[in-house]
Each structure stands twice: as structure tokens, then as C-alpha cells.
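Okay, here's what each chain looks like letter by letter:
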Amino acid sequence: MSERDAVRRIYLDHTATTPLDPRVLQAMLPYFENTFGNASSIHAFGREAKNALERARGTIASAIGALPGEVVFTSGGTESDNLAIVGAWRAGRKRGRTGVVTDAAEHHAVLDTCERLREDGGAVSVVGVDSNGSVDPLEVASAMSGTTALVSVMHANNEVGTINRVGDVAEAAHRAGAMVHTDAVQSFGKIAVRADDLAVDLLSLSAHKLYGPKGIGALYIRRGTGIEPLMTGGGQEKGRRPGTENVALAAGFARAVELAMELMEVESERLSVLRDDFERALCDRFPCLLVNGHPACRLPHILNVSVNSAKVLLEGEMLVPNLDLEGIAVTSGSACSSGSMQPSHVLLAMGRDLDTARATVRFSFGRENTREDVAETLERVSKLLGRMIAH
Ligand SMILES: Cc1ncc(COP(=O)(O)O)c(C=O)c1O
């Protein structure tokens, strides 16, 4: 019997990635089979590819309330974050602005990119978050100065799901003459993401978090926002991101976005009910569990819970491998870095102690999850926690 047959596996890690929607695959196939032209070629083959690329751009732009020319295709969320931060910072440096303000709960694609700017003379300020993982716009405002080039605050956190008041951050940043970037990789497709409502200049997206293909994302660059490209080459994407465009992935990304927009309201409501029921039942059974993230301003599909370190009988890091043995795929509150388990910087920034951060599990629900999956998960998780927690 294969490992797969032994136990029905339940995937609850949609924040890490989502399965490809079969309708997305269908939308991509023609561009792997027949429509192979280079979108920069001026002949009929090229024009066909270019038309498909521009249709995809239009779909993504309209989903965030942007103009097609404000959307640049990238290889994913990581590249979008890099292009936004480094590109804006280099543009700011030319105007004598070398400061960047961000916060301690950002994804590493933002945090490490900001850190790297220090090597080039960047002045990087990292503001803290509160115990819910929220960024206080007033704290961001007080970390800014007349030489701040860019403020980068994520829309929703990938570990705990907390949604930030990006519009308020943006207002303060613009008053100080800085550009504003937000990483909307996790919020896009779950809650409304509109560039104008968030009032940002730069906004990162990724396809594989919303049932699209891996390896493609987009950066929204508000009209009139000058950023420096990271790469040089052909003039694709109006010179902002050179390299032959991946039309198949762009078509898949656009189809995924269409579906996400169609389903978002109903699906987000359904997932929040599943998540809330699961959270309630689990916390009733194990009152020592601590729920991480904002109680109300939180993405609908994420539940991040820690076992209070005083109550854990085993190594906290063993939770996720043990759940994997039970057929439940989730993410832990630690990340493997250079061969050792590092507790999540987000949970530490929220004030959790090291051992509690290590004894953390993130459940993230998705389109294919049913009530039965949740009931089954509750039983399997309870069995494991019953062995791991002191009563
Ligand atoms: C908030 C956030 N930003 C950026 C990324 C990176 O996106 P990608 O995997 O498309 O490079 C992720 C992926 O986990 C994320 O959750």
C-alpha cells in the first residue's frame, strides 16, 4: 500500500500554495501547444501571443481597479516585492531619499530585500507589530523622515492572516513624500484588493496562491510612479521587466483571477464558517491553545494556533511532522534555515516566546476542503494534541 492509500490526506496549507484549478490548466494549454509566438515579434504569430498577453494584463488590472499599463508581469510574489522595493529605493536615491520603512511581520521577500539595501547605503527602519500582528499606521508615520523613499507594509500577513490598515499607512507616507508598496500576495482573491482603496503606488501579486500556476506574478505600478528596473535586456514590459514574456502562465494567471473574482464572496464566507467552526471546536477541546492573529481583521481561511509552551510535552516542532503522519498537511511556526529550525519571526514579533512559537500550527483552508475534511481534521488533530499536551 502506498503512503497515499494508507490514510486519506487532507491538504490544509493553501497559504503555502494552492492546487492548479483544471479550468486554469485548460486556459494555458493552447499557449503550450499552438500559440507559441514571441509576444515581441511583429508577425502574425507574435501578434497572437501579444494579444493573449494583453488580454491577461487587462483582466488582472481590472480585478484590482488598475489600468492595463499599470500591471507588469513578474516571476511571482518574491520578484514583485524585490522589483518594488529595490526599484523604488533606487529611484528615490536619485532624489536624495535613501530611507525605507517596513515592519517586523513582513514576508522574507520584503524584509530581506530591505535589509540588503543597507549594504548600498539604505537607512532601513523596521517598526514592530502588536500582539495581533497589526501594524500601527502612527508608528509607521513616526518612523518616517524627509528622506524616506519607500514604505512597505503588507496587506495581509501570510502566517496569521492579520489584515493591515494599508490605506492609513499610505496616507501618512504620501504626506511625507514617500512611495508606498504593499504585498497583497495573500489577500488577493480572498478579500477586496483595489489599488485606489489601498492608496498604494506599488502592489505585489502572485498566481499560485489563487489556484493559478507557479512562476508568475505581477507588480502594480501606479501611473507616474518612477521605479528603476532590476534587470536590463529587451524592452519588454515597457522596460520595467525585460525578458520574453511567458504568455501561457499569464493566460493561466488571468483565468485564475477571473475565477477568484467570480467566487470570492461566496467562497470567503464559506471558508470563514469552516475556519471559525474548527477554531471553536478545537479551542473548546484544548483551552490552552492560543489563537494567533487579529480576532476580527483576519483573512477568512487562516487559523494559526500555538500550544502554550508550559503545556507542551513533546518538542513543539514535532507537531507538524506528526500531523503529516496523520495525513494532515499544514505549516509550522518554524522555518528550516541552514539546517536548523528557526521559530517564526512573525510570532516572535507578536510577543510569543520561543517555545510557544515553535509549538505552532497554521491551518489554511481552500476551495476543495469540505465540512467532512474539517470534522476529520478535528478528530486527527485532537488525537495528537491529546498526547502532546499536559492536562
Ligand atoms: C506574503 C507573501 N509575499 C510573498 C510571497 C512570495 O511569493 P512567491 O512564492 O510567488 O514568490 C509569499 C509566498 O508565500 C507570501 O506569502
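Shown above is the structure to which this text applies.
Quick caveat: nothing in here was measured; it's all calculated off a predicted structure.

Novice: Help me understand the site of the ligand, please; the structure alone is not making it clear to me.
Specialist: In the vicinity of the ligand, 13 residues are found, and the nearest of them are T78, D183, Q186, S206 and K209. Within the side chain of T78, one N or O atom sits 2.6 Å away from an oxygen atom of the ligand. The separation between an oxygen atom of the ligand and a polar side-chain atom of S206 is 2.6 Å. Look at the ligand: alone it shows 390 Å² of surface, and the protein chains cover 85% of it.

Novice: Can you walk me through the nonpolar core in this structure?
Specialist: In globular proteins that are soluble, nonpolar side chains generally tend to be buried together. Residues V151, F188, L203, L205 and F253 are the most contacted members of the largest nonpolar core, which totals 60 residues. Per element, the largest residue contribution to this core is 11 residues, and it comes from helix α9 (residues 247–285). The residue makeup of this core includes at least three contributed by each of domain 1 (8–17 + 264–388) and domain 2 (22–259). Once residues within four sequence positions are removed from consideration, F253 is found in contact with I60, F73, F188, L205, S206, A207, L210, P213, I216, G217 and A218. Counting 29 residues, the second largest nonpolar core, distinct from the first, contains F286, L319, L323 and F365.

Novice: What's the story with the packing of aromatic side chains in this structure? I'm lost.
Specialist: Between two aromatic rings, the relevant description is the distance of the centres plus the angle of the planes. Throughout the structure, instances matching the rule amount to 3 aromatic pairs. Ring geometry for F36 and F45: centres 5.5 Å apart, planes at 45 degrees, overall tilted. An aromatic cluster is built from F278, F363 and F365, whose rings are joined through pairwise contacts. The ring of Y211 carries the charged tip of R367 above its face, separated from the ring centre by 3.9 Å.

Novice: Before we go on, may I ask you to explain the pairing of strand β7 (residues 202–206) in this structure?
Specialist: A regular strand carries its side chains on alternate faces of the sheet. Summarising burial for β7: 5 of the 5 residues are buried, a large majority. Side-chain alternation along β7 places L202, S204 and S206 on one buried face and L203 and L205 on a second face that is also buried. By the bridge criterion, 3 bridges tie strand β6 (residues 179–183) to β7 in an arrangement that is parallel. By the bridge assignment for β7, D183 is matched with S204. In terms of strand pairing, β7 meets strand β8 (residues 217–221) through 5 bridges, oriented antiparallel. Bridge pairing in β8 places L202 opposite I221.

Novice: Whenever I open this one, the packing of helix α4 (residues 77–93) against helix α5 (residues 108–117) confuses me. Can you help?
Specialist: Working note: a packed helix pair is described by the angle between its axes plus the distance between those axes. At a minimum axis separation of 9 Å, α4 and α5 run at an interaxial angle of 30 degrees. Taken as axis vectors, α4 and α5 run roughly parallel relative to one another. The hand of the α4/α5 crossing is right-handed. Contacts between α4 and α5 involve T78, D81, N82, I85, V86 and W89 on the former and, on the latter, A109, V110, T113, C114 and L117. When the residues that make up the contact of α4 with α5 are grouped by side-chain class, the tally is 7 nonpolar, 3 polar and 1 charged.

Novice: What am I meant to see in the environment of Y211 here?
Specialist: Looking at the element boundaries, Y211 is found in the loop between β7 and β8. Those residues in contact with Y211 that lie beyond four places of it in its chain are H14, T18, P19, L20, D21, V24, A256, G366, R367 and E368. Among the polar contacts made by the side chain of Y211, one reaches the main-chain amide nitrogen of R367 at a distance of 2.7 Å.

Novice: What is the right way to read unusual backbone geometry from this model?
Specialist: Even without glycine at this site, Y211 takes up a positive phi of about 70 degrees. Residue classification places Y211 among the buried positions, given a relative accessible area of 8%. Non-glycine residue K238 carries a positive phi angle of around 55 degrees. Note that K238 resides in the loop between β8 and α9.

Calculation criteria
- Residues numbered from 1 in each chain as written.
- Predicted model: local features only at pLDDT ≥ 70, side-chain atom pairs only at ≥ 80, totals over all residues.
- Heavy atoms only, no water.
- Near = heavy atom within 4 Å.
- Polar contact = N/O pair within 3.5 Å; in protein donor to acceptor, adjacent residues only side chain to side chain.
- Areas by Shrake-Rupley, 256 points an atom, 1.4 Å probe, with all protein chains shown as cover.
- Core = buried A, V, L, I, M, F, W, Y, C linked by side-chain atoms within 4.5 Å.
- Buried < 20%, exposed > 50% of the residue type's maximum accessible area, 1.4 Å probe, protein only.
- Helix = DSSP H or I, 4+ residues; strand = E, 2+ residues; numbered from the N terminus.
- Domains from an automatic or database assignment.
- Contact = heavy atoms within 4.5 Å.
- Phe/Tyr/Trp six-rings, centres within 6.5 Å; stacked < 30°, edge-to-face > 60°.
- Lys NZ or Arg CZ within 6 Å of the ring centre and 35° of its normal.
- Pairing = 2+ DSSP bridges.
- Axes fitted to C-alpha atoms, helices over the stretch in contact; angles between N-to-C directions.
- Parallel < 35°, antiparallel > 145°, perpendicular 65-115°, else oblique.
- Left-handed = near helix turned anticlockwise from the far one by under 90°.
- Nonpolar A, V, L, I, M, F, W, Y, C, P; charged D, E, K, R; others polar.

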